[in-house]
Amino acid sequence: MADKSSEPSSLVRFINGILPENPVLRLVLGICPTLAVTASMEGAITMGLAATFVLFCSNFFVSLLKRFLQPHLRILVFTIIIATFVTIVDMFLKAFMYDMSRTLGPYIPLIIVNCIIIARAEACASKSRLLPSLADALGMGLGFTLALCILASVREILADGTWLNIPVMWEGFTTWTIMKLAPGAFLAFGLVVGANNFIRRKLEERKS
Amino acid sequence: MTVELLLILLTAVLINNPVLYYFLGLCPYLGVSNKVDMAFGMGMAVTFVMTVAASMTWAINNLVIFYLSTSSIAIDLGFLRYIIFIFVIAGTVQLVEMFLRKFFPHLYDRFGIFLPLITTNCAILGCCLWIDVKGFNLVAGEQGVAVSWKFAQALLFGIGNGLGFTLAICLMAGIRERLRFSDVPRDFRGVAITLIVAAILAMAFMGFSGIGG
């Protein structure tokens, strides 16, 4: 186990996940749901929170089980833990948010293979104490949700002229149907990643 | 009947391409698409795993889970579905890994970490899940549909998805080999430009959407 002095504190971990090491924008992990559910803000928020819940629970259990993990079996153990909680989320959505569950469809079970969750179990939870790994899960989860919301804002405003179903564009705004479809998702995400690189570079140049 | 099967294959490859329409398997799509030969090898490995996984999960889903829930015992094991799916996929990937290490060690070395990561390739789990959405599973109370016919549809869907993934990743690798010599704005190098190229590819693939009718 890593000793305490070399380990970043829980607070640093939490903040790291949100912007400096944002899983989607910086590390480009877990982008399949990122592109699929961001046609609307509602879908993005639901997916973000669902993934955060799964990430929190899986980090919790992986961190507790870290002593018993065998190197060659660990990925399998991670996946089973994750699949269990994804099944819970799936059942919850089917029971209480049926329409949303229909809209997201198979993308909810696909959280099982979301690289962010396995990556955090591998890189953080299986190596650190309980509290830092929970903070890490919350930070990464919120960072994921934030990135989804940024992308969904761009797409929903351009595609429908609305934001969370509230009209925001002027009267007679021509909606960009393409933003709702697959090409729009790739394009918007490519531009957001590029813009993020640009902002970071400008910030670093100002610092030095 | 043959036409219908051909249509399932064509739809999966061109119209509802797993990468460019459903956004599945994007991690290897961005990670392994630097060289055409590697992309092709990856595509073939994914196609194999997908075909095996699609047929096995179909069999478990319909011949075990569905059978148990409609038989006189009436046990619904549906909640175990996702865990079983991921087990089957992980097992198949292990098989492919052993096979490649024994017979194609050169390819095995070059795949590196991306080979075990096929397990977490969303395209494969996605394919198994979409079989249900597309209606290739047995449904309670449905009459006059042969089990083998449903299975053939699911199998073709699996092969089609694998080929669709191969096509998309090879196209992208071809473009990226050229892209290396072009003058891309600094902030857009790497992932950003790849995504924008994917957007243009997806737009081109939208042109196929008339074929399926």
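Residues numbered from 1 in each chain as written. Chains lettered and ligands numbered in written order. Predicted model: local features only at pLDDT ≥ 70, side-chain atom pairs only at ≥ 80, totals over all residues. Heavy atoms only, no water.

1. So, the overall build of chain A
Part 1 of the argument: Scanning chain A from N- to C-terminus turns up eight helices and two strands.
Part 2 of the argument: Ordered by position from N to C terminus, the α and β elements of chain A give α-α-α-α-α-α-α-β-β-α.
Part 3 of the argument: A globule of 208 residues ought to have a C-alpha radius of gyration of about 17 Å, and chain A, at 18 Å, matches this closely.
Part 4 of the argument: Overall size of chain A, expressed as C-alpha extent along the three principal axes, is 60 × 55 × 25 Å.
Part 5 of the argument: The proportion of buried residues among the 208 residues of chain A is 51%.
Part 6 of the argument: By sequence separation, contacts in chain A at least 24 residues apart represent 74% of the contacts at least 6 residues apart.
Part 7 of the argument: Summed over all atoms, the accessible surface of chain A reaches about 9900 Å², with 69% contributed by carbon and sulfur.
Part 8 of the argument: Here chain A carries 18 positive and 13 negative side-chain charges, and the mean point of each set is 8 Å from the other. (Helix = DSSP H or I, 4+ residues; strand = E, 2+ residues; numbered from the N terminus. Rg over C-alpha atoms; globule rule 2.2 N^0.38 Å. Buried < 20%, exposed > 50% of the residue type's maximum accessible area, 1.4 Å probe, protein only. Contact = heavy atoms within 4.5 Å. Areas by Shrake-Rupley, 256 points an atom, 1.4 Å probe, with all protein chains shown as cover. Lys, Arg positive; Asp, Glu negative; His and termini not counted. Charge placed at Lys NZ, Arg CZ, Asp CG, Glu CD.)

2. Comments concerning the confidence of the model for chain B
All names here are of chain B.
Part 1 of the argument: The pLDDT averaged across chain B works out to 86; a share of 98% of its residues lies at or above 70.
Part 2 of the argument: Put simply, helix 5 (residues 105-111) is where chain B has its lowest mean pLDDT, 80, and helix 7 (residues 147-179) is where it has its highest, 92.
Part 3 of the argument: Across the predicted assembly, pTM comes out at 0.87 and ipTM at 0.85. (pLDDT = per-residue confidence, 0-100.)

3. Some details on the interface of chain B and chain A
Part 1 of the argument: Each partner contributes to the interface: chain B provides 36 residues, whereas chain A provides 37 residues.
Part 2 of the argument: Both sides of the chain B and chain A interface together cover about 3300 Å² of buried area, and 83% of this is carbon and sulfur.
Part 3 of the argument: Considering only the surface of chain B that becomes buried against chain A, F23, Y82 and D187 of chain B emerge as the three largest contributors, covering 23% of it.
Part 4 of the argument: Where chain B packs against chain A, one counts one salt bridge.
Part 5 of the argument: One salt bridge in this structure joins R201 of chain A and D187 of chain B, with 2.9 Å as the shortest N-O distance.
Part 6 of the argument: Applying the counting rule to chain B against chain A returns four residue pairs in polar contact (both at pLDDT 80 or more).
Part 7 of the argument: Residue assignment for the side of chain B that touches chain A shows that the elements contributing at least two residues are helix 2 (26-31), helix 4 (81-103), helix 6 (122-133) and helix 8 (191-206) of chain B.
Part 8 of the argument: Ranked by residue count, the leading element in the side of chain B that touches chain A is helix 8 of chain B, at nine residues.
Part 9 of the argument: Grouping the constituent residues of the side of chain B that touches chain A by class yields 30 nonpolar, four polar and two charged. (Buried area = accessible area lost by both parts, 1.4 Å probe. Salt bridge = Lys/Arg side-chain N within 4 Å of Asp/Glu carboxyl O. Polar contact = N/O pair within 3.5 Å; in protein donor to acceptor, adjacent residues only side chain to side chain. Nonpolar A, V, L, I, M, F, W, Y, C, P; charged D, E, K, R; others polar.)

4. Looking at the pattern of salt bridges
Residues and elements named next belong to chain A.
Part 1 of the argument: With the rule as written, the count across this model stands at eight salt bridges over all chains.
Part 2 of the argument: For the salt bridge of R200 with E204, the shortest nitrogen-to-oxygen distance reads 3.7 Å. With R200 and E204 both in helix 8 (residues 182-207), this residue pair falls four residues apart, about one helical turn.
Part 3 of the argument: Looking at R200, the relative accessible area reads 27%, which means it is partly exposed.

5. Quick notes on empty space enclosed by the protein
Part 1 of the argument: Throughout the structure, instances matching the rule amount to three cavities of 30 Å³ or more.
Part 2 of the argument: Looking at the largest cavity, the residues that line it are G30, I31, C32, P33, Y107, L110, V113, N114 and C115 of chain A together with C122 of chain B.
Part 3 of the argument: No other element matches the three residues that helix 2 (residues 31-36) of chain A contributes to the lining of the largest cavity.
Part 4 of the argument: The residue inventory of the lining of the largest cavity, partitioned by class, reads eight nonpolar, two polar and no charged.
Part 5 of the argument: Around the second largest cavity, the lining residues are A51, T52, L55, N114, I116, I117, M140, G141 and F144 of chain A.
Part 6 of the argument: Of all the secondary structure elements, the ones that give two or more residues to the lining of the second largest cavity are helix 3 (41-65), helix 6 (115-125) and helix 7 (130-160) of chain A.
Part 7 of the argument: Split by residue class, the lining of the second largest cavity holds six nonpolar, three polar and no charged. (1 Å grid on protein atoms, 1.4 Å probe; cavity = no way out; pocket = protein on both sides within 12 Å on 5 of 7 lines; lining within 4 Å. Points joined across faces, edges and corners; volume = space filled by probe spheres on them.)

6. Details of the nonpolar core
Part 1 of the argument: In this structure, Y107 and F186 of chain A together with Y29 of chain B are the most contacted members of the largest nonpolar core, which totals 121 residues.
Part 2 of the argument: Not counting residues within four places of it along the chain, the set of residues in contact with Y107 of chain A comprises A36, V37 and M47 of chain A together with Y22, F23, L24 and W130 of chain B. (Core = buried A, V, L, I, M, F, W, Y, C linked by side-chain atoms within 4.5 Å.)

7. Side note on the side chain of Q153 of chain B
Residues and elements named next belong to chain B.
Part 1 of the argument: With respect to the secondary-structure elements, Q153 resides in helix 7.
Part 2 of the argument: Q153 gets classed as buried once you look at its relative accessible area, which sits at 8%.
Part 3 of the argument: Discounting residues that sit within four places of it in the chain, Q153 has contacts with E4, L5, I8 and F136.

8. What to know about unusual backbone geometry
Part 1 of the argument: A positive phi is found at N165 of chain A, a non-glycine position, where the angle reads about 70°.
Part 2 of the argument: If you trace the backbone, N165 of chain A turns up in the loop between strand 1 (162-163) and strand 2 (166-167).
Part 3 of the argument: The phi dihedral of F23 of chain B is positive, around 60°, even though this residue is not glycine.
Part 4 of the argument: With respect to the element layout, F23 of chain B can be found in the loop between helix 1 (2-15) and helix 2.

9. A few points about the packing of helix 4 (residues 74-96) of chain A against helix 6 of chain A
All names here are of chain A.
Part 1 of the argument: Relative to each other, helix 4 and helix 6 sit at 130°, their axes nearing to 10 Å. One element, helix 4, and the other, helix 6, form an angle in the oblique class. Of the two possible hands of crossing, helix 4 and helix 6 adopt the one that is right-handed. Contacts between helix 4 and helix 6 pair R74, I75, F78 and I82 from the former with I117, I118, A121 and E122 from the latter. (Axes fitted to C-alpha atoms, helices over the stretch in contact; angles between N-to-C directions. Parallel < 35°, antiparallel > 145°, perpendicular 65-115°, else oblique. Left-handed = near helix turned anticlockwise from the far one by under 90°.)

10. Let's talk about a nonpolar patch on the surface
Part 1 of the argument: Residues W176, I178 and L181 of chain A together with M203 and M206 of chain B make up a contiguous nonpolar surface patch of roughly 420 Å² in combined accessible area.
Part 2 of the argument: Looking at the element boundaries, M206 of chain B is found in helix 8. (Patch = residues over 30% accessible without salt bridge, like charges linked within 9 Å, V, L, I, M, F, W, Y side chains within 5 Å.)

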